[in-house]
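Chain by chain, the residues:
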Amino acid sequence: MPVVDVDPDELRELAGYEAKSDAELREDLFALGLEFEGETDDGAFQFEFAPDRLDRLSVEGIARSLRYQYGDARGVYVPSTNDAEWTVEVRDVPDERPYVTAAVVRGVDMTEGKLESLIQLQEKLHATMGRKRAKGAIGVHDLAMLKGRSARAQRSADERATSEDRRSSGRSRGQRPREDGEERGDDPGTGEEKDGSKVVSYTGIEPDGDRFVPLDAETDMTPAEVLTDHPTGDTYADLVADYDSYPAIYDEIGLFSFPPVINGRRTEVDEGSRDLLIEMTGTDQWTVDKMLAIVCYALDARGGRIEEVTIDYPDRELVRPALDTRTKTVTHDRIETTLGIDVSGEDVVDLFERSGLDASETDGDGETAYEVTIPPYRVDVLHPMDLVDDVGRAYGFNELAPRYPDVSTVGGRHDRSKLERSVRNALVGLGFEDLLNFHMISEDENYERMRVAPGTDVLGGGAPVAIEGPYSEAYTMLRTWALPSLAMVLENNTHRQYPQDIAEVGFAAERDPDAASGVAERRTVAAALARTDASYEDAKARLQRLASAFGADLSTPPTEHPSFIDGRAAEVRLDGEPAGVIGELHPAVLVEHDLELPVAAFEFDLAALA
């Protein structure tokens, strides 16, 4: 999950509580759902939190949540905006990346701390909502270094074609000679310009087209050269590898941004910057608009003044940033029954306001309900239950009094749960450390890094149960087996002492047309031994003792599995029925996870021990 570095002194200043101790801050932030993970070498707090509250990916967003928690801020806040002076003209963009949004922020007075926070927010949004820039990419530019076109010019089709020839030949638009009588700023090939507005253009460019100096470079490059000769370009080359033309943003001087790969050095933001242009391109308008709203709120908290930008598409015109609120309705009964509290309507409205929302009582099919207004930076509110969660946090989950449910039956442990508990205890007795991993994973971790192809007839090769619209690219599907989760744990623990013997009894699922729900769910037992002398024999000895403890007959006929070494892998059969696989992990899997010593592992269905 995302980890955000926060300077505690800066947080105290922004929240308005400079007398708060570090311990008090950590306790208050834990109440908000931010878990303290430690400190950096320079004393910054590190907090891990679920990737739903993307507005808290910056110190400004965390401070805003604290002010609401402390009662110093109430209700929905929407920054005021000045009228648009700049226009982004969208013409002939690549079909794969057709959307753009933008805002101008003035008077930021950039300092080192503000710049570091902005860069961190940019990186975290890229990693989460932006899907590593594939779905949305952010460009931040020093507005003082941009020169917008301002004259209206109409050109014939021939002139546009001539301009395209110039772009293909590699001559920079900003450096072309002017024709007699041509006004400075009449830029060919980008359509009609706007009177009384400063215009930049989002368009397509040939891979070997105009040259510019990218960030962290000393010489100018074409976009194609950036992808092969620049470290950042090499990292993100796959994003545009299949494009016929590359996305590009121009001002009157020339090319200054090559989204989603890299910005130009000319408009680089530094500690002396004061006015900013924030532009974002992506694969859908909603995503880039919401990312922009989060950035605008963070800069507004730093004293920036938000200024609108006109987005001029060929068929429509938008004014951004989109800072419109929306509403959802939740009933009073749902709040009380879910949280187990008795609370008045007046108190519910108060709790909503302390969550940064507005609420008013309304009638919901004959019962008391609340129409709740949601600010534009809250991209996580999708369901009325999300509103109940906000009320619970404002009320204080630690303040909820435990009580017996109003039912006549007495609960007990399910037979499957008893079996799980017994297996966990047995694994711990065999020297394994018990794990509890997430049931969600990425397709890359579940398949590719384990050398397993989806849809193949091997353990873990089942068809994925994919998540529609996942918040994070790290969690895009339900895992089909548990060994990838154990491999990830070992990868993250290479700095820990060996041996590392770990195990998990957990959940796995895959698509199955024969299942009533279309999804086959199961509980699985997985274990791994990471040590210098780990071998197939070691893993089988542990598995044999586990099977014996539950009276199951174990046999291990040879088999092949892409995650394991040929000749050092076997099928796990319990009481004669196929249940899983055991063996030594393939060297390619070890290298992929940066493991420098052998790992022996096994996995099988829990039901085979019943």
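Just so we're clear, the structure is a prediction, and the values are computed from it rather than from any experiment.

Parameters at a glance
Residues numbered from 1 in each chain as written. Predicted model: local features only at pLDDT ≥ 70, side-chain atom pairs only at ≥ 80, totals over all residues. Heavy atoms only, no water. Helix = DSSP H or I, 4+ residues; strand = E, 2+ residues; numbered from the N terminus. Buried < 20%, exposed > 50% of the residue type's maximum accessible area, 1.4 Å probe, protein only. Contact = heavy atoms within 4.5 Å. Areas by Shrake-Rupley, 256 points an atom, 1.4 Å probe, with all protein chains shown as cover. Lys, Arg positive; Asp, Glu negative; His and termini not counted. Charge placed at Lys NZ, Arg CZ, Asp CG, Glu CD. Pairing = 2+ DSSP bridges. Axes fitted to C-alpha atoms, helices over the stretch in contact; angles between N-to-C directions. Salt bridge = Lys/Arg side-chain N within 4 Å of Asp/Glu carboxyl O. Polar contact = N/O pair within 3.5 Å; in protein donor to acceptor, adjacent residues only side chain to side chain. pLDDT = per-residue confidence, 0-100. Core = buried A, V, L, I, M, F, W, Y, C linked by side-chain atoms within 4.5 Å. Domains from an automatic or database assignment. Patch = residues over 30% accessible without salt bridge, like charges linked within 9 Å, V, L, I, M, F, W, Y side chains within 5 Å. 1 Å grid on protein atoms, 1.4 Å probe; cavity = no way out; pocket = protein on both sides within 12 Å on 5 of 7 lines; lining within 4 Å. Points joined across faces, edges and corners; volume = space filled by probe spheres on them. Nonpolar A, V, L, I, M, F, W, Y, C, P; charged D, E, K, R; others polar. Expected span 1.5 Å × (residues − 1).

A. A look at the overall build of the protein chain. Each helix and strand counted, the protein chain has 16 helices and 26 strands in total. In terms of overall dimensions, the protein chain has C-alpha extents of about 95 × 65 × 50 Å along its principal axes. Among the 610 residues that make up the protein chain, the fraction classed as buried is 52%. Taking the contacts inside the protein chain whose residues are at least 6 apart along the sequence as the reference set, 70% of them involve residues at least 24 apart. In the structure as shown, the protein chain presents an accessible area of about 28,000 Å², 44% of it carried by carbon and sulfur atoms. Distance between charge centroids for the protein chain: 1 Å, based on 65 positive and 124 negative side chains.

B. Representation of the sheet that holds strand β14 (residues 326-331) within the structure. Pairing within the open sheet is antiparallel, and its three strands lie in the order β14-β16-β15. Of all the strands in the sheet, just β14 and β15 (358-364) have a single pairing partner and so form its edges. Ignoring strand direction, the axes of neighbouring strands in this sheet form an average angle of 30 degrees. Sheet strands in contact with helix α9 (residues 332-339) are β14 and β16 (367-374), and its direction is about 65 degrees off that of β14.

C. A look at the pattern of salt bridges. Inspection of the entire model under this criterion finds 42 salt bridges. A salt bridge links Arg91 to Asp312; its shortest N-O distance comes to 3.1 Å. Taken as a pair, Arg91 in the loop between β4 (81-90) and β5 (99-106) and Asp312 in strand β12 (residues 305-312) lie far apart in primary sequence, 221 residues in all. One exposure class covers both Arg91 and Asp312, and it is buried. The shortest N-O distance in the salt bridge between Asp605 and Arg522 comes to 2.7 Å.

D. Just the side chain of Thr556, in detail. The residue Thr556 is located in the loop between β23 (554-555) and β24 (564-574) in this model. In terms of polar contacts, Thr556 uses its side chain to reach the side chain of Tyr536, at 3.3 Å. Dropping the residues within four chain positions of it, Thr556 is found in contact with Tyr536, Lys540, Ala570, Glu571 and Ile582.

E. Representation of the confidence of the model for the protein chain in the model. Confidence in the prediction of the protein chain, expressed as mean pLDDT, is 89, and 92% of residues score 70 or more. Counting interchain partners and residues more than four positions distant, the pLDDT-below-50 stretch residues 151-195 has 87 contacts.

F. View of the environment of Asp22. Relative to the helices and strands, Asp22 is located in helix α2 (residues 22-31). Sequence-wise, Asp22 and Gly518 are 496 residues apart; in three dimensions their C-alpha atoms are separated by 50 Å. Not counting chain neighbours up to four residues away, the residues in contact with Asp22 comprise Pro8, Arg12 and Phe45.

G. Quick look at the nonpolar core. With 50 residues, the main nonpolar core has Leu11, Leu125, Leu276, Ile278 and Val295 as its most contacted residues. A total of 10 residues in this core trace back to one element, the largest contributor, which is helix α8 (residues 285-301). Here this core gathers at least three residues from each of two domains, domain 1 (3-69) and domain 2 (89-165 + 174-180 + 195-320). In this view, Val295 contacts Leu118, Leu121, Leu125, Ile138, Ile278 and Met280; residues no more than four positions away in its chain are not counted.

H. Highlighting the sheet that holds strand β3 (residues 45-48). Across the sheet, which stays open at both edges, the three strands sit in the order β1-β3-β2 with antiparallel pairing between neighbours. The sheet is open, and its two borders are formed by β1 (3-6) and β2 (35-39), each paired with just one other strand. On average, each strand axis in the sheet is tilted by 30 degrees relative to the strand beside it, whichever way the strands run. In this sheet, β3 lies alongside β2 in antiparallel orientation, the contact comprising four bridges. Bridging from a neighbouring strand, Glu39 pairs with Phe45 of β3.

I. Fine view of the environment of Ser245. In this fold, Ser245 is placed in the loop between α7 (231-240) and β8 (246-250). C-alpha of Ser245 to C-alpha of Pro223: the two residues are 22 residues apart in sequence and 10.0 Å apart in space. For Ser245, the contacting residues outside a window of four places in its chain are Pro94, Gly204 and Ile205.

J. Structural view of the pairing of β12. Counting buried positions over the eight residues of β12 gives six, a clear majority of the element. Here β5 pairs with β12 via three bridges, running antiparallel. Of the residues in β12, the one forming a bridge with Arg106 is Arg305. The antiparallel hairpin formed by β12 and strand β13 (residues 317-320) contains four residues in its connecting segment.

K. A negative patch on the surface, seen in detail. Taken together, the side chains of Asp5, Asp7, Asp41, Asp42, Glu112, Glu116, Asp216, Glu268, Asp270 and Glu271 present a region of like negative charge at the surface. Looking at where Glu116 falls in the secondary structure, it is placed in helix α4 (residues 112-127).

L. Region of the structure containing the domain arrangement of the protein chain. Domain annotation of the protein chain identifies domain 1 (3-69), domain 2 (89-165 + 174-180 + 195-320), domain 3 (326-399) and domain 4 (415-609). Distance from the C-alpha centre of domain 3 to the C-alpha centre of domain 4: 41 Å.

M. Structural view of the layout of surface pockets. Roughly 700 Å³ of volume is contained in the second largest pocket. Considering the residues around the second largest pocket, the lining is formed by 30 residues, among which Ile119, Gln122, Arg133, Leu215 and Asn263 are closest to the centre. Elements supplying a minimum of two residues to the lining of the second largest pocket: α4, β6 (136-142), α7, β9 (255-258) and β10 (262-263). Residue contributions to the lining of the second largest pocket peak at seven residues, all from α4. Looking at side-chain class alone, the lining of the second largest pocket contains 15 nonpolar, nine polar and six charged residues.

N. Just the environment of Ser442, in detail. Within the element layout of this structure, Ser442 appears in the loop between β18 (440-441) and α13 (443-446). For the pair Ser442 and Pro464, spaced 22 residues apart in the sequence, the C-alpha separation amounts to 10.0 Å. Not counting the four nearest positions on each side in its chain, Ser442 is found in contact with Glu473, Ala474, Thr476 and Met477.

O. Geometry of α8. The end-to-end C-alpha separation of α8 is 25 Å, in line with the 24 Å expected for 17 residues at 1.5 Å each. Within α8, 15 of the 17 residues are buried, which leaves the element mostly enclosed by the surrounding structure. One side-chain oxygen of the residue at the start of α8 lies 3.2 Å from the amide nitrogen of Trp286, identifying that residue as Asp284. Taken from the residues just after α8, Gly303 is the one with a positive phi, measuring 95 degrees.

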